[in-house]
Amino acid sequence: MDTAHTPKDGTLIGSVQRALRLVEAMHTEGSATAKRLSRMTGIPLPTTYHLLRTLSHEGYVHREDGAFRLADDVPLRMRMAS
């Protein structure tokens, strides 16, 4: 584990880190299949699909012809907790 980026209290959320790795990979590749993103990031394929489905549902990712890419207008909006 890379301790250079580990906070002192140790409260990192692994699923958020994995989702961000996918976002970074799509930024690098432009568009890629889930299998390619899984290989690039080292994230297991089933987890990759779950994360991509969530990112897609939230509007951060689009799927076209079996490939995933970042949305042109990433929905950075503030949501109010209910």
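Residues numbered from 1 in each chain as written. Predicted model: local features only at pLDDT ≥ 70, side-chain atom pairs only at ≥ 80, totals over all residues. Heavy atoms only, no water.

Undergrad: Is there a simple way to think about the side chain of T41 in this case?
TA: Within the secondary structure, T41 is located in helix 2 (residues 34-41). For T41, a relative accessible area of 15% gives the class buried. (Helix = DSSP H or I, 4+ residues; strand = E, 2+ residues; numbered from the N terminus. Buried < 20%, exposed > 50% of the residue type's maximum accessible area, 1.4 Å probe, protein only.)

Undergrad: Even after reading the chapter, I still don't get the pattern of salt bridges, so can you show me in this structure?
TA: Opposite charge on two side chains permits pairing when their charged atoms draw close. Tallied over the full model, the rule gives three salt bridges. One salt bridge connects R69 with E64, and the closest N-O pair in it is separated by 3.0 Å. Classification of E64 as partly exposed rests on a relative accessible area of 42%. Where R69 meets D72, a salt bridge forms, and the shortest distance between an N and an O atom there is 3.4 Å. A relative accessible area of 18% means that R69 is categorised as buried. Residue D72 is classed as exposed on the basis of its relative accessible area, which comes to 70%. (Salt bridge = Lys/Arg side-chain N within 4 Å of Asp/Glu carboxyl O.)

Undergrad: Any chance you could explain the nonpolar core here in plain terms?
TA: Note that soluble globular proteins tend to have their nonpolar side chains buried in a common cluster. One finds L22, M26, L37, L52, V61 and F68 to be the most contacted residues of the largest nonpolar core, which totals 13 residues. When contributions to this core are tallied by element, the ones reaching two or more residues are helix 1 (14-29), helix 2 and helix 3 (45-57). (Core = buried A, V, L, I, M, F, W, Y, C linked by side-chain atoms within 4.5 Å.)

Undergrad: Help me out: how do you make sense of helix 2 in this one?
TA: Since one α-helical turn is 3.6 residues long, residues separated by three or four positions face the same way. Every buried residue belonging to helix 2 is among A34, L37, S38 and T41, and all of these are buried. Projection of helix 2 onto a plane perpendicular to its axis shows the buried side chains occupying an angular sector of 100°, all on one side. Check the buried side of helix 2 and you find it contacts helix 1, helix 3 and strand 2 (67-70). Downstream of helix 2 by a residue or two, G42 has a phi angle that is positive, lying close to 80°. (Arc of directions from axis to C-beta. Contact = heavy atoms within 4.5 Å.)

Undergrad: Sorry, what's going on with unusual backbone geometry here?
TA: Note: most peptide bonds trans; most residues except glycine with negative phi. In this model, D65 sits at a positive phi of 50°, which is unusual for a non-glycine residue. Summarising the element assignment, D65 is placed in the loop between strand 1 (61-64) and strand 2. The exposure class assigned to D65 is exposed, which follows from its relative accessible area of 84%.

Undergrad: Which parts of the structure should I look at to understand the environment of G30?
TA: With respect to the helices and strands, the residue G30 is situated in the loop between helix 1 and helix 2. Residue classification places G30 among the partly exposed positions, given a relative accessible area of 38%. Sequence separation between G30 and F68 is 38 residues; the distance between their C-alpha atoms is 8.5 Å. Residues within four places of G30 in sequence aside, it is in contact with F68, R69 and L70.

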